[in-house]
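# Coordinates in review
Spelled out, the chains give:
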Amino acid sequence: MTRKSVYLTIGAVFLLYSHTYAQEQAIPESPENFRKNAILATVGTVGLMGAYNLHYERMLLSSRKSSLQGLWAKVGVGGWGVWSSGGPYQSLMLGTMAGKKNSHFELNFGLARMVDESAYDNARDINEYLGEPQPPKSNYIHIRAVGTAGYRFQKPTSRFLFRCGAGYPETLYLGIGAAF
C-alpha cells in the first residue's frame, strides 16, 4: 500500500465517522446527584473495644456548587463492647461530606442510646444470689454522644460505597454500603 492510499483511507474513515455522528443531538450535561438513600454496614475495633452497626441514611439537603455535598440524617442499630461490658445501642446522627469527585471526607455526629447489658446481667445475678430486689434496667441505659470522621469512596450516581475512619463507639472502622 502506498503512502497516498493510506492517507486517503484515513481521511475517508474520518469523514464517514464525523458525518455519521454529525446528526446526533448533544445531551445537555446535568450535574450528577448522589442517591438519596443508603444502607451502611460498619464494624470497628481497637484492642478490647469495638462495635458493629447497620445504618439507614437519607439525604436532607444537597449542594452541587460547593465542596460540601449535603446533609444526611442517619439512624442505626448495633452492638458495642468494652473489656467485659457491652450491649446493644441505637443511634441518630447528622452527617456531611466534602469533596468534588469520588473521594470524600465524611463527618457524622449525634446521640446514641447505649444499654450496658453485661453490667445489668451481672448486677441481676449478684442481687438474685444475695436475695435482694432486682436493679432497675434504666440504671444501665445511657445517652452518649457518638460520631465518626473518615474517608468515604462513593461515585455520585453509583450504588456502591466504602468508608473507613475513626469514631465512637466503632473506634477504627471499615464499612460498605449500597445507595438507592
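Residues numbered from 1 in each chain as written. Predicted model: local features only at pLDDT ≥ 70, side-chain atom pairs only at ≥ 80, totals over all residues. Heavy atoms only, no water.

## With respect to the pattern of salt bridges
Note that side chains of opposite charge can pair when their charged atoms are close. Counted under the stated rule, the structure contains seven salt bridges. The shortest N-O distance in the salt bridge between Arg152 and Glu106 comes to 2.7 Å. Of this pair, Arg152 sits in strand β6 (residues 141–154) while Glu106 sits in strand β5 (residues 103–115), and the two are 46 residues apart along the sequence. Neither Arg152 nor Glu106 differs from the other in exposure class; each is buried. Asp121 is the salt-bridge partner of Arg124, the closest N and O atoms lying 3.5 Å from each other. Pair noted here: Arg124 and Asp121 are both in helix α2 (residues 117–130), with a separation of three residues, about one helical turn. According to the relative accessible area criterion, Arg124 is partly exposed, its value standing at 30%. Residues joined by salt bridges that share partners form a network here, namely Glu57, Lys74, Glu106, Arg152 and Arg163. (Salt bridge = Lys/Arg side-chain N within 4 Å of Asp/Glu carboxyl O. Helix = DSSP H or I, 4+ residues; strand = E, 2+ residues; numbered from the N terminus. Buried < 20%, exposed > 50% of the residue type's maximum accessible area, 1.4 Å probe, protein only.)

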